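Tertiary structure, described
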Amino acid sequence: QVRLVESGGGLVQAGGSLRLSCAASGSIFSINAMGWYRQAPGKQRDLVAANTSGGGTHYTDSVKGQFTISRDNAKNTVYLQMNSLKPEDTAVYYCAASILRDYSDYHEDYWGQGTQVTVSS
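Residues numbered from 1 in each chain as written. Predicted model: local features only at pLDDT ≥ 70, side-chain atom pairs only at ≥ 80, totals over all residues. Heavy atoms only, no water.

Next up on the list: the overall build of the chain. When its secondary structure is counted, the chain shows zero helices and eleven strands. What you see in the chain, going N to C, is helices and strands ordered as β-β-β-β-β-β-β-β-β-β-β. When its C-alpha atoms are laid out on the principal axes, the chain stretches across 50 × 25 × 25 Å. Considering the chain as a whole, with its 121 residues, one finds that 40% of them fall into the buried category. Sequence separation of at least 24 residues holds for 56% of the intrachain contacts in the chain that already meet a minimum separation of 6. Carbon and sulfur atoms form 46% of the exposed surface of the chain, whose accessible area is close to 6500 Å². The averaged location of the 10 negative side-chain charges in the chain is 5 Å from the averaged location of its 10 positive side-chain charges. (Helix = DSSP H or I, 4+ residues; strand = E, 2+ residues; numbered from the N terminus. Buried < 20%, exposed > 50% of the residue type's maximum accessible area, 1.4 Å probe, protein only. Contact = heavy atoms within 4.5 Å. Areas by Shrake-Rupley, 256 points an atom, 1.4 Å probe, with all protein chains shown as cover. Lys, Arg positive; Asp, Glu negative; His and termini not counted. Charge placed at Lys NZ, Arg CZ, Asp CG, Glu CD.)

Printed below as a string of structure tokens:
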């Protein structure tokens, strides 16, 4: 069984910073991509940032230069450093990962439970 557990969300004033963490645990053989999505009330869930196993990164345009994704492969953990936060960054942030479990032949997508980020103006 595989679990993704997020932490680091909370309430912050506009201009502040938060760092989200997501740790994958369980019977993991390898992890391909890991990333962060967010879903604001009444909106769809959108990709914010992603990190491939080779170290490549992708950001949605609205967070380029503001958010930084990083990864610790030894800890199966992905981070999202969020700076200069704005009220429009308010959302539930979800971690996702493409994971190859022990004794499996293919990668599967797993999701965390989500962590609330609220930015007050």
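So, next bit.
We now examine unusual backbone geometry. Unlike most non-glycine residues, Asn 76 shows phi in positive territory, near 50 degrees. Summarising the element assignment, Asn 76 is placed in the loop between β7 (67-72) and β8 (77-82). With relative accessibility at 24%, the residue Asn 76 sits in the partly exposed group. Non-glycine residue Tyr 103 carries a positive phi angle of around 70 degrees.

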